[in-house]
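Close look at the chain arrangement
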Amino acid sequence: MAWSQKQFIFALTMVVTGSINTLSTKWADNIESEGSDGQVRRFEHPFVQACAMFLGEFLCLLAFKAVYYHLRRKNNGAEDRHDLVQGNRQFSPFILFVPAMCDMLATSIMYVGLNLTYPSSFQLLRGSVIIFVAILSVAFLNRTLVKREWFGIAFIMLGLVVVGMSDVLSNDNTGSQYTRNNVITGDLLIILAQIITAVQMVYEEYYVTALNIPALQAVGWEGFFGFSVLGSLLLPMYFIHVMYPFNGNAHGVLEDLPDALAQLANNYQLIIAICGMIVSIAFFNFAGISVTKEISATTRMVLDSVRTLVVWMVSLLLVWQKFHYLQLIGFAGLLFGMCLYNDIFVLQAYRRVRVALLLRIGRQSADGMSEVIINRQADEPDR
């Protein structure tokens, strides 16, 4: 079925804004600016960046409130019929506190990892969340995985191994941040973050899904809690000294907020990158929810894979990383595994090819039988 213009716009918005979010985050990591100590260095402030992301998610709550009150003013019950705001609005927001804390931990760890590894690897390794969600669903949600899903998980694991190998073999010895140890550490941190994200998803499925909370409102509340808690933790983080490679700020601490603000003030490009993160994550969540409602959740998964390809191609164009054929193989394995796990395209294509081959064989057999009958009739003597 062909997409409508509205559906195409939502899909394109999701791919573009999702790609911009990852690329703007990595762009900020690569920008150099004068810090609070007068030294020029890269912007290595993952927790400040995570706060910016949560601020973007919080904008979804403001958008939800704006749409809801706009529809409510019509006095015709439109607020109970509109896709973006319909659902259960009478719930305690604190039910979303636990997933918000999981999101806070996962996002912060991922951004630390992104400081150390390639943006394409960051995007590809996020696909490992399917493995951990499946395992936790079997353990805590009493879910049974079918053979198709196990095969999908196997291909995803194979793709992740190939991506990891490509990162190790692409070791950069030119003195940049992409040393072998840094890249391996970054990759492992991103995978760790996916375990926490899987816990978040299973919790949401067990406790939140049944409440029928509007998705835009749920994302907004998680953004509010994440921004509030992580923003408060920036103060004690200033007094926690850490070792290399996590101490790339002015005072060698876990997070140096004064140094981050000084670098932002001294380079307008950083302000553009951070604003790009905030705006893109807000539109990405909005577009993702709209794609799920207008098309399907499986389409959203496919589009997220397209975003991974876009990030990889742009990273190559900007020379943020070097091309390695293993990454292409890893991407293919991950994409095939995700499609197989979610029953997207793979089995349908297999069934169509099988049916086409059977029909072709059937036609050839029928034609052959007809030819035999004709030959027999021709060989029979006239009676």
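Everything numeric in this text was worked out from a predicted model, so none of it was measured.

**Let's talk about the packing of aromatic side chains**
This structure, assessed with the given rule, holds 13 aromatic pairs. Cluster of aromatic residues (ring-pair linked, three or more members): Phe58, Phe94, Phe97, Trp221, Phe224 and Phe225.

**Observations regarding helix α9 (residues 257-266)**
Those residues of α9 that fall on the buried side of the exposure criterion are Asp259, Ala260, Ala262, Gln263 and Leu264. The elements touched by buried residues of α9 are β1 (32-34), β2 (40-42), α2 (46-72) and α10 (268-294). Regarding α9, its N-cap is Asp256, as a side-chain oxygen of that residue lies 3.2 Å from the backbone nitrogen of Asp259 further along.

**Examining the nonpolar core**
Phe43, Ile156, Leu230, Ile274 and Leu334 are the most contacted members of the largest nonpolar core, which totals 74 residues. With 11 residues, helix α3 (residues 97-116) is the largest single contributor of residues to this core. Phe64, Ala78, Leu84 and Val219 belong to the second-largest nonpolar core, a separate cluster that totals 10 residues.

**What about the pattern of salt bridges?**
Applying the stated criterion across every chain yields a total of 4 salt bridges. Between Arg41 and Asp37 there is a salt bridge, and its shortest N-O distance comes to 2.8 Å. Judged by its relative accessible area of 17%, Arg41 falls in the buried class. The salt bridge involving Asp259 is made with Arg41; its shortest N-O contact spans 3.7 Å. Here Asp259, found in helix α9, pairs with Arg41, found in strand β2; they are 218 residues apart in sequence, far enough to count as distant. Taken as a pair, Asp259 and Arg41 share a single burial class, namely buried. A cluster of three or more residues bridged by salt bridges with shared partners is formed by Asp37, Arg41 and Asp259.

Basis of the calculations
Residues numbered from 1 in each chain as written. Predicted model: local features only at pLDDT ≥ 70, side-chain atom pairs only at ≥ 80, totals over all residues. Heavy atoms only, no water. Phe/Tyr/Trp six-rings, centres within 6.5 Å; stacked < 30°, edge-to-face > 60°. Buried < 20%, exposed > 50% of the residue type's maximum accessible area, 1.4 Å probe, protein only. Helix = DSSP H or I, 4+ residues; strand = E, 2+ residues; numbered from the N terminus. Contact = heavy atoms within 4.5 Å. Polar contact = N/O pair within 3.5 Å; in protein donor to acceptor, adjacent residues only side chain to side chain. Core = buried A, V, L, I, M, F, W, Y, C linked by side-chain atoms within 4.5 Å. Salt bridge = Lys/Arg side-chain N within 4 Å of Asp/Glu carboxyl O.

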